[in-house]
Amino acid sequence: MNPFFQKAISLAMAGAALLSLSACGAFSLSEEDVTELAQDDVQVVVGQSIGQELAATYAADHIFSLNTVSEASFNPYMTSSAWNKVVGMLVYETLVAEDDTFGAQPNLITAWHTEDGLSWTFTVDTERKFHDGGDMTAADAVYSIERAMGYNARYAARFRDVIGISANDRESFAVTLRTPNYRFYELLNIPCVEYNTGYDDRPPGTGPYAFSASGRYLRLDENHPLAAQMPLETIHLKEYSAAVDILQAFEDSYIDLVINDPTGMSSLGYSSTNIIKFVDTTSLHYIGYNMMSGVFGQSLYRSLVTYAIDRASIVSDVMKGAATAATLPIHPNSALYPADLAQTLVHSEAGLQTALQHLGGVDTDGDGKLEIMGQGYTFDFIVCSDSAMKVSAARAIARQLRECGFDINLRELSYEEYEKALEDGSFDLYYAEVRLCADWDLRPILGSGGDLNYGGLRDATLDGYLQAALASPEEGQADSIAELCQYIAQTAPITAICFEKSEVLYHRGVLSGLSPTQDNIFYQMQNWTVDLD
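Just so it is clear, the model here is predicted, and its values are computed rather than measured. (Residues numbered from 1 in each chain as written. Predicted model: local features only at pLDDT ≥ 70, side-chain atom pairs only at ≥ 80, totals over all residues. Heavy atoms only, no water.)

Visitor: Please explain the overall build of the chain as it appears in this structure.
Guide: Along the chain, the regular secondary structure elements total 15 helices and 19 strands. Buried positions account for 54% of the 533 residues belonging to the chain. (Helix = DSSP H or I, 4+ residues; strand = E, 2+ residues; numbered from the N terminus. Buried < 20%, exposed > 50% of the residue type's maximum accessible area, 1.4 Å probe, protein only.)

Visitor: Would you mind going over the sheet that holds strand 1 (residues 65-67) with me for this structure?
Guide: Think of a sheet as strands paired side by side through backbone hydrogen bonds, with each pair either parallel or antiparallel. In spatial order, the strands read 1-10-9-8; together these 4 strands make up an open sheet with mixed pairing. Because the sheet does not close on itself, it has two edges, and the strands there are strand 1 and strand 8 (209-211). Mean inter-strand twist for the sheet, computed between neighbouring axes without regard to direction, equals 30°. In this structure, strand 9 (residues 217-220) lies alongside strand 10 (residues 234-238), joined through 3 bridges in antiparallel fashion. Looking at strand 10, one finds that Tyr217 is bridged to His236. (Pairing = 2+ DSSP bridges. Axes fitted to C-alpha atoms, helices over the stretch in contact; angles between N-to-C directions.)

Visitor: Got a minute to help me understand the nonpolar core in this structure?
Guide: Considering soluble globular proteins, one finds that nonpolar side chains tend to be buried as a cluster. Formed by 78 residues in total, the largest nonpolar core has its most connected members in Phe381, Phe406 and Tyr431. Here this core gets 8 residues from one element, more than from any other, and that element is helix 11 (residues 388-403). Every residue in contact with Phe406, bar those within four places of it in the chain, is listed here: Val295, Phe296, Tyr301, Leu304, Ile372, Phe379 and Leu401. Counting 61 residues, the second largest nonpolar core, distinct from the first, contains Val86, Met136, Tyr209 and Leu532. (Core = buried A, V, L, I, M, F, W, Y, C linked by side-chain atoms within 4.5 Å. Contact = heavy atoms within 4.5 Å.)

Visitor: Would you mind going over the confidence of the model for the chain with me for this structure?
Guide: Caution is warranted with low-pLDDT regions, since their predicted coordinates should not be read in detail. Here the chain averages 86 in pLDDT, while 84% of its residues score no lower than 70. Counting interchain partners and residues more than four positions distant, the pLDDT-below-50 stretch residues 1-30 has 27 contacts. With pLDDT under 50 throughout, residues 33-59 is counted as low confidence; its partners more than four residues away or in other chains account for 68 contacts. (pLDDT = per-residue confidence, 0-100.)

Visitor: Is there a simple way to explain the sheet that holds strand 7 (residues 172-177) in this structure?
Guide: As summarised here, the arrangement of the 4 strands in space is 4-5-7-6, forming an open sheet in which the pairing is antiparallel. Looking at which strands have only one partner, the edges of the open sheet turn out to be strand 4 (109-114) and strand 6 (162-167). Averaged over neighbouring strand pairs, the angle between their axes works out to 20° when direction is ignored. Judged from the 5 bridges that link them, strand 6 and strand 7 form a sheet pairing that is antiparallel. Bridge pairing in strand 7 places Val162 opposite Leu177.

Visitor: I keep staring at unusual backbone geometry and nothing clicks. Help me out?
Guide: In terms of backbone geometry, most residues other than glycine have negative phi values and most peptide bonds are trans. A positive phi is found at Asn196, a non-glycine position, where the angle reads about 70°. Tracing the sequence through the fold places Asn196 in the loop between strand 7 and strand 8. Positive phi, close to 50°, is recorded for Ala492, a residue that is not glycine.

Put into C-alpha cells, the structure is as follows:
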C-alpha cells in the first residue's frame with residue numbers, strides 16, 4: 001500500500017478513536033495537543049517503497065520519529081518495551097555515563113570517593129533540573145538507586161552488596177557495601193527519576209528531551225546544559241507493533257532509527273541498504289560445565305575446549321560480525337582486559353595438538369592430527385532454541401569438539417526445557433549468555449553458590465581471586481584482574497566465546513556522527529548531523 005494512504009488511514013482511524021473517547025468523557029485535547037496533531041498532519045508526504053535503494057533519500061515526512069508502544073509504560077524501571085526504553089534514553093539520564101570502553105564518566109554524579117572500597121561518598125550536580133522544574137538533589141539519586149535495588153531485575157542484582165544508602169545533604173550521598181568493591185561506581189549507569197515519582201508512567205527526568213503534554217512528542221528541554229548543541233528541536237513518537245509494519249515504516253522513513261538484537265529471538269531482517277552501527281555490549285556468550293561430569297569435571301578436558309573452539313569463525317561465519325571474540329570473560333575493549341594472556345588462549349592447531357597430547361590423544365584416522373580416545377560416553381550439550389544464532393553457534397562448537405574426538409549430542413531445547421535442564425543438572429556442557437556489569441564482577445557465574453553457577457562449581461581459590469579483583473584499589477586493579485584471569489585460563493571453569501553486539505540502524509543521508517553505547521544509543525548526540533530535508 002502506498003505509504004501516503006497508509007498514513008492517511010492511520011490518521012483517520014486515530015481521529016475516530018479520539019472522537020469516540022472524547023464522547024465517553026475519558027479523553028480531552030489540550031491546546032498543545034491540537035497544535036501537535038495539526039503539525040503532524042500537514043507534514044505527511046509520500047515515502048519510499050520498501051527495498052528501494054536509500055543511498056540518496058531522506059526522511060519521508062521531514063520529521064525525526066521513533067517507534068513506541070503506547071500500552072507499555074515509559075518508566076525506565078517498569079517498562080517491558082525495548083522501543084520505550086530507547087525513547088527513555090533521551091528523557092532519563094544515567095547517574096554516571098558509560099563510554100565505549102565500559103568506563104564510568106561523571107554525569108549527574110560528578111565525583112566519588114572511597115578509602116576502603118566499603119564506604120562511598122558521591123557528589124551530585126545540584127544545578128541540574130528535572131523537566132517539571134524541580135532541582136536535582138542527592139535525594140533523587142538515592143531514590144533512583146533504591147528503585148533499581150527493589151524493583152527491576154535488570155538492575156537489582158548489581159546492588160546485592162549494598163547494605164546502606166542515604167543522602168548526607170542536598171549535594172552528596174553515602175553508600176555502604178557488604179564487601180569491598182573499588183569499582184562500585186561503575187554500577188551507577190542507571191536512569192535517574194525524580195524523588196517519589198518512581199511508579200509514574202512518565203516520571204520527570206533530566207535528559208535533553210522531555211515528553212510533551214500529550215506524550216506524542218519529545219521536546220528539547222531548554223534548561224539542559226547541552227540544549228544549544230542538540231541537533232533536533234522535536235522528536236515525534238509513532239507506534240508500529242507488528243514486525244512487518246515496523247520494517248515497512250523504517251524502510252519508508254516514517255521511523256528514522258531502530259535497534260536490533262541480531263543474536264536474540266526477536267531479531268528483525270532490516271534492509272542492507274541502511275546503515276548498521278554495531279554497539280559493543282557486556283553480554284558474554286560462554287560454555288559452562290557440569291562439574292559432576294566424569295570428563296568435563298576435569299580441568300584438562302575443559303582447557304582442551306578452550307583451544308578447540310574457533311571463535312573467529314563463529315563470529316564471522318555464524319554471527320556475521322555481530323560479536324567480539326574473547327577468550328576471557330572481560331570485554332577486549334576494557335582497559336582491564338589482559339590482552340597478552342588472552343592471545344595465548346586463541347584457537348590454534350599447535351595449541352590444540354599440545355592439549356591433546358597432554359590428554360593422551362592418538363591419531364586414529366591417519367590425518368596427522370591427534371584425537372581424544374577412550375571416553376566411551378556421549379556428552380550432553382544443551383542450548384536454548386529461542387535464538388537461531390545461538391543454536392548455529394552451538395552447532396559449530398559441537399562440530400569442532402567432534403573433530404577432537406568427543407562424542408557430542410547437541411540438544412536444542414525450548415526456554416522452559418533449557419531452564420529446567422540447568423536447574424536439574426541434566427547436561428555435561430551448556431551454551432549460555434550473561435549480561436555482565438562494567439565492574440566485571442564474575443561471582444554470579446563463577447563464585448561458589450553464585451546465582452548463575454549451574455554447574456556446581458566450588459573452588460575456594462577462585463572465590464578468593466574473584467573477591468580480590470573487586471577489593472583492589474585503582475592502582476592494583478589491572479594486576480588483580482590479570483591474576484584472576486590467569487587462574488581462569490589454567491582451570492577453565494567456563495570457556496568464553498564472545499561478547500555480543502547490538503545494532504542501531506538508520507538511513508543514509510539522514511543521520512551521521514553517531515557513537516552509541518549499550519546503555520545510551522544517543523551518547524554524545526550533540527555531535528550528530530541530521531538532514532531531514
